[in-house]
Amino acid sequence: MSIRFDNKVAIVTGAGGGLGREYALELARRGAKVVVNDLGASRGGIGQSDAALKVVAEIEAMGGEAMANGGNVADYDQMADMVAQTVARFGGVHVLINNAGVLRDKTFAKMEPADFDFVVRVHLIGSAYATKACWDTMRAQNYGRVLMTASSTGLFGNFGQANYGAAKMGLVGLAKTLSIEGAKNDIRVNTIAPTAGTRMTEDLFPEAAFKAFAPERVAPAAVYLVSQDAPTGAIVGAGAGVFQSAYVTLTPGVALAGDDVSAEGVAAGWERITDRTGEIVPRTGAEQAMLIGKTLQG
């Protein structure tokens, strides 16, 4: 069965180019009315352009419906205005893909606090603002699909990207929590960790790899994760047509007692503590406490 978005309204942030543009175009091809949000700035967050208008023109040329929005995701009032304009024109918001982002890469030793703050604000706070602006509408509809954009840097770390990694792992926690809170209103929230050749990564890939990692080879995962039958709480890696599932896991652990409840006891038990035999993938944070109780009971 084909995945369609007829009678659905989708907002894609950072959709003036790269992954966001591809998401917007693919959603439109599948019947969605699309709001193309893009501040039009450089990857460092400076300057503006008419990038969103160009994507809207592409969608209209294929017979779709779309509107441009130049709101800054890091400004909540602008996100609230974007959602109000969307509802006024299209009648609702069913899909939100949080894709907008910037890079200010430096080693932590050389990174200015302002560069850390700015990247976290755009990626993490911006995604929270855009989602919050949509949340009440989605709850009232008893339907919503939200996609956060994380990164392998957030999940696993990467040299020179402390700000980016912190923001991206923060998005994983945000998505996991919202997937729980949104469940009763059929709001499903997932996370994608894309690897793609875009403006953000053009100087990081050799030319051949840049082409292999084209945005259209990531988009299928994003489209599925905001579809009607999407899972919720998933973390999906995607790049070059390869799709992966990532997990935050928890080992059973070791119950220390008496004098062993000490730094020395942890050191002595480290191999058993980190043994992944029997590890679980908790569905909520409460399961850590539950597993502790089970381990204490032997």
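Residues numbered from 1 in each chain as written. Predicted model: local features only at pLDDT ≥ 70, side-chain atom pairs only at ≥ 80, totals over all residues. Heavy atoms only, no water.

Caption draft 1: How the structure looks around the nonpolar core. In terms of nonpolar packing, the biggest core is built from 33 residues, with Tyr23, Leu27, Val34, Val36, Ile59 and Ile192 touching the most fellow members. Of all the elements in the fold, those that place two or more residues in this core are strand S1 (9–12), helix H1 (18–29), strand S2 (33–37), helix H2 (51–61), strand S4 (95–97), helix H8 (219–225) and strand S7 (235–239). Ignoring sequence-local partners within four residues, the contact set of Val34 consists of Ala10, Val12, Ala24, Leu27, Ala28, Ile59, Glu65, Ala66, Met67 and Phe90. Among the nonpolar cores identified, the runner-up in size contains 29 residues, and Val73, Val83, Leu103 and Val146 belong to it. (Core = buried A, V, L, I, M, F, W, Y, C linked by side-chain atoms within 4.5 Å. Buried < 20%, exposed > 50% of the residue type's maximum accessible area, 1.4 Å probe, protein only. Helix = DSSP H or I, 4+ residues; strand = E, 2+ residues; numbered from the N terminus. Contact = heavy atoms within 4.5 Å.)

Caption draft 2: Structural context of the pattern of salt bridges. Considering all chains together, one arrives at 12 salt bridges under this definition. Taking the shortest distance from any N to any O, the salt bridge between Arg4 and Asp6 comes out at 2.8 Å. Relative accessible area serves as the criterion here: at 38%, Asp6 is assigned to the partly exposed category. Between Arg30 and Glu26 there is a salt bridge whose closest N-O contact spans 2.7 Å. Its relative accessible area of 25% is what places Arg30 among the partly exposed residues. (Salt bridge = Lys/Arg side-chain N within 4 Å of Asp/Glu carboxyl O.)

Caption draft 3: Summary view of the packing of H1 against H2. Interhelical geometry of H1 versus H2 gives an angle of 25° and a closest axis separation of 10 Å. The pairing of H1 with H2 is recorded here as roughly parallel in orientation. Relative to H2, H1 is oriented so that their crossing is right-handed. Between H1 and H2, the residues in contact are Arg21, Ala24, Leu25 and Ala28 and Val55, Glu58 and Ile59, respectively. For the contact of H1 with H2, the per-class residue count stands at five nonpolar, no polar and two charged. (Axes fitted to C-alpha atoms, helices over the stretch in contact; angles between N-to-C directions. Parallel < 35°, antiparallel > 145°, perpendicular 65-115°, else oblique. Left-handed = near helix turned anticlockwise from the far one by under 90°. Nonpolar A, V, L, I, M, F, W, Y, C, P; charged D, E, K, R; others polar.)

Caption draft 4: How the structure looks around the environment of Val87. Mapped onto the fold, Val87 is located in helix H3 (residues 76–90). Residue Val87 is classed as partly exposed on the basis of its relative accessible area of 30%. Considering only alpha carbons, one finds Val87 and Val9, 78 residues apart in sequence, at a separation of 8.9 Å.

Caption draft 5: Examining the packing of H3 against helix H4 (residues 113–141) more closely. H4 packs onto H3 with a crossing angle of 40° between their chain directions and a minimal axis gap of 8 Å. Between H3 and H4, the crossing angle belongs to the class labelled oblique. Handedness of the crossing formed by H3 with H4: right-handed. Contacts from Tyr76, Met79, Ala80, Val83 and Val87 of H3 reach H4 at Tyr129, Ala130, Lys132, Ala133, Cys134 and Thr137.

Caption draft 6: View of H1. Over its 12 residues, H1 extends 17 Å from the first C-alpha to the last, a length consistent with the 16 Å expected when each residue adds 1.5 Å. For H1, the tally of buried residues reaches nine of 12 residues, placing the bulk of the element in the interior. Taken residue by residue, H1 has Leu19, Gly20, Glu22, Tyr23, Ala24, Leu25, Glu26, Leu27 and Ala28 as its buried positions. Summarising the contacts, the buried residues of H1 are in contact with S1, S2, H2, S4, strand S6 (187–194) and H8. Gly31, located one to two residues past H1, shows a positive phi value of around 105°. (Expected span 1.5 Å × (residues − 1).)

Caption draft 7: Spatial organisation of the sheet that holds S1. Strand order in the open sheet formed by eight strands is S3-S2-S1-S4-S5-S6-S7-S8, and the pairing between neighbours is mixed. Strands at the two margins of the open sheet, each flanked by one partner only, are strand S3 (66–69) and strand S8 (242–245). Between one strand axis and the next, the sheet turns through 20° on average, direction left out of account. Bridge count for S1 against S4 is three bridges, and the pairing is parallel. Of the residues in S4, the one forming a bridge with Val12 is Ile97. Strands S2 and S3 of the sheet are contacted by H2, whose axis makes an angle of about 180° with S3. Docked against the sheet, helix H6 (residues 162–181) engages strand S5 (144–149), S6 and S7, running at close to 160° with respect to S6. (Pairing = 2+ DSSP bridges.)

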